[in-house]
Every structure is written in C-alpha cells, then in structure tokens.
Amino acid sequence: MVPRECIILPSSSKSFEDSSHMGKRMNSLETALKRADITFTEFNDLNSIDTKIVEKLLNIKYKGMHISEQQRKCLGALALHLHIVDDMQMYEDHFQLLDYKSAGYMYLDMAAVKALELFSLSYDEDTAIGQSGTLFDLVNKCRTHQGQRLLRDWMRRPLFDLRRINERLDVVEALCEMGACRDVLYEDLLRRVPDVASISRKLLHKKATLQVEKYLIRSKLEPIRLALLQFDKFAALIETTVDVTYFEENGIYRIRPSIDDRLLETFESMQNIEQQCQKEFTKISGNFTESAKLDSNPQYGFFFRVTLKAEKSIRQAGLKILETTKGSGVRFTSKALEALNNEYKELQKQYDSSQSELIKMVIETCGAFVFLFLFLSR
C-alpha cells in the first residue's frame, strides 16, 4: 500500500552542530513528504516513549528479530500516536513487522503524478476548467470505499512485473466475459461488504459505536466464512467417494472402488483383463509394420487401431475390422480380444450395479448441503 501518514521523531542529540544538521535534514524530509502528498506528525515528547512495550506488542514469532534502539523508539511513538498503549492487554502479541516492498512496482514522484493528472488536474491558461476529469475519476467504477482506495494505490504505485500484470488482466478478462457474475457482484454482494479498514480504525481508536458492532454481526462475512467451512466438507466428501482419476482418463464418473469390498473385487478383475488385453496387443502389433495402438470407447470397448495403409494386412491376417475412417484409421479386433472385451463388459455391468446403491447414498448425503446453496443464492 502507498504510505499516507508519517510520524517524525526529532533528534535526541544535544550537540549544536548535530542539531543544526538534523534541522536541515528534517526540513528536507518535510518538503519531500509534502510533495508526495503524505501527511506528517512531529512527535516531540521523546521521554514518554517506552521502548519495552514494543516487545509486548509484537507477535511471538517476531520477538527474536533484531530491532535497533531508534527503530524501537519509532515503533513506540507509533503505538502512542495510535493510543495502543492505552489498552496493552488487548493488543499484546497482536502485531507483525512486514517489509514495505518496492520491488515489482514503478516509482512515481509527485511531479509525475501531477503531470499524468492521476488524481488532480493541472490546468494551463489555454485549458478550460471542467473539460475533463482525472484519470482516477474516469476509471473508478468501484462499488465500495475499500475498492476505491485499492484502485488509488494501484494507480499511485503501478506494477511493472509482467507476471503480476497478466494475473490482473486475467481477472479483468474473466469479469468482462461473465457479465451475469459481474452484475451480481456489483449490484448485490459488494454492497453488503463492510468497509473493514474504516471499521478497524474506529475499533483501534475506540471510536466504534454499538451500531458499528451490530453491523459487523449482521454483515455477510461471518455467514460466508461458515458456508466456506461447510463447502470444505462437501468437497472432501466428493473427493473421497468419486474416482476423479478415472474420470480424467476416461471421461466417466464412478465411485472409488476402495470404499466397498464388492467394488474392489470387481475392479481388480477388470484390471486383470486390461493386462491381458495389453498382452494380446503386444502379440498382434508384431504382425504389422505400421504402428498400432490399443484403444477403447463405449461403443466397441477395447480394440486395435492402425492407419489406413495397414488395412490390407489386417484382412489378410483374418482379423475382424470394426470401422474404417480417414480420421481414425482402421479399428479392428481379434477373437481373443473380443472374448476379453465381452468379459470386461460383464464386469462393468457388475460394477455399475454395485455402485448404484452407493451413488444414491452419496447423493442423499450431498442433499444435506442444499441449505448452503440456498443461502448463497439469497
């Protein structure tokens, strides 16, 4: 996020030369902050800063981090400025230290921001006032205040990391293509999202009212969180009962064989036939100079496939041709493969029969999650 506020601590040096030099540096810093449109507050009461509170405020995983005395004073001043020290029990172990990363972002100084008219217009004598708005005004279609703040930060500190730029563009493309989804987000869901940053500041400064707390309770955040937890259970149910790998390979949904003894026994028999089909393929493929393949589909089951050039060789070998097309070549079978195929189809029927009751049980269990869909549809 782009910095908006800065707290300045004066030098504790008593030397006149040091104080004079520091005064010049402070003036330069204040000038730079003003140009960057950053508000600043000078913290004069150094004696009131207790650097020991920093250790108490930091989360346990940051307490071993090396922090200089000057940094501790800065953090202590920040805690005083935000009135965090007024209720140490509430904020103890709650804070983290995060790097303000500039890598991957383009730096725009205030001159560039003004020249590009990102947030304010710079008119010259020949420009009519009100002729056009700022770039931010033109692109700002955000529904929420936090969205507007995020857009402003993105424009103030644009990316130049190509990967992250493409990630954002992918999201924009998805929203452009899914108009119905975009409309629901904009007209309904986003209107219900509270301004978390604003509420957090009010809570931090203890300026929140009962109305704010009631709004937080009635907001959709908590119900959505609970719904997501339930959907995790729903997803786990599907993943443990549906054979996703088999679907990815064959395009057919089925119950995992490992969850039922009868299914597992039938599945192992089917695997055995698949291995025998592979052996038959190895035996047959040696008779052709053209490369052959063992394939399967719902219509024929297992079959061999070669290019049209090998059709004459297939007929001479006395093999049964199932189909001949320009696109897929010649599909054929042998007596041994045909027998294995028939046996495999019978096992498939047994598998389907055994899993039918399990499918009903899974669907009934999934029916318990209907209330989640109804809740989200509202």
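Check the entry above for the structure.
Presented here is an overview of the structure given in this document. Keep in mind that what you see is a predicted model, and the values were worked out from it rather than measured.

Rules of the game
Residues numbered from 1 in each chain as written. Predicted model: local features only at pLDDT ≥ 70, side-chain atom pairs only at ≥ 80, totals over all residues. Heavy atoms only, no water. Salt bridge = Lys/Arg side-chain N within 4 Å of Asp/Glu carboxyl O. Helix = DSSP H or I, 4+ residues; strand = E, 2+ residues; numbered from the N terminus. Buried < 20%, exposed > 50% of the residue type's maximum accessible area, 1.4 Å probe, protein only. Core = buried A, V, L, I, M, F, W, Y, C linked by side-chain atoms within 4.5 Å. Contact = heavy atoms within 4.5 Å. Expected span 1.5 Å × (residues − 1). Polar contact = N/O pair within 3.5 Å; in protein donor to acceptor, adjacent residues only side chain to side chain. Pairing = 2+ DSSP bridges. Arc of directions from axis to C-beta.

1. Describing the pattern of salt bridges
Any two side chains of opposite charge can pair, given that their charged atoms come close. With the rule as written, the count across this model stands at 10 salt bridges. Across the pair Arg254 and Asp243 runs a salt bridge, and its minimum N-O distance is 3.3 Å. One end of the pair, Arg254, is in the loop between helix H13 (244–250) and helix H14 (261–285); the other, Asp243, is in the loop between helix H12 (221–241) and H13, and 11 residues separate them in sequence. Residue Arg254 is classed as buried on the basis of its relative accessible area, which comes to 8%.

2. Digging into unusual backbone geometry
Phi angles above zero are rare outside glycine, and Glu117 is one such case at about 55°. The residue Glu117 is located in the loop between helix H5 (110–115) and helix H6 (135–139) in this model.

3. Side note on the nonpolar core
Ranked by size, the top nonpolar core spans 28 residues in total, and within it Val306, Ile314 and Phe332 carry the most contacts. If you tally residues by element for this core, the top one is helix H16 (residues 335–366), at 8 residues. Among all residues touching Phe332, those that are not within four sequence positions of it are Ile284, Phe288, Phe303, Phe304, Arg305, Val306, Ile314, Leu319, Lys320, Ile321 and Leu322. Counting residues in hydrophobic clusters, the runner-up holds 8 residues, among them Val113, Leu118, Phe119 and Leu151.

4. Regarding helix H8 (residues 162–177)
Taking 1.5 Å per residue, 16 residues should reach 22 Å; H8 reaches 22 Å between its end C-alpha atoms and fits that length. A side-chain oxygen of the first residue of H8 lies 3.1 Å from the backbone nitrogen of Arg163; this N-cap is Asp161.

5. Considerations on the pairing of strand E5 (residues 320–325)
Sheet topology note: the E5/strand E6 (residues 329–333) ladder contains 5 bridges and is antiparallel. Bridge pairing in E6 links Lys320 to Thr333. Between E5 and E6, which pair antiparallel one after the other, the connecting turn spans 3 residues.

6. Considering helix H3 (residues 69–81)
The end-to-end C-alpha distance of H3 is 18 Å, a good match for the 18 Å that 13 residues give at a rise of 1.5 Å each. Along H3, the positions that sit buried rather than exposed are Arg72, Gly76, Ala77 and Ala79. The buried residues of H3 all sit within an arc of 160° when viewed along its axis, so they share a single face. Along its buried surface, H3 packs onto strand E1 (5–8) and helix H2 (52–57).

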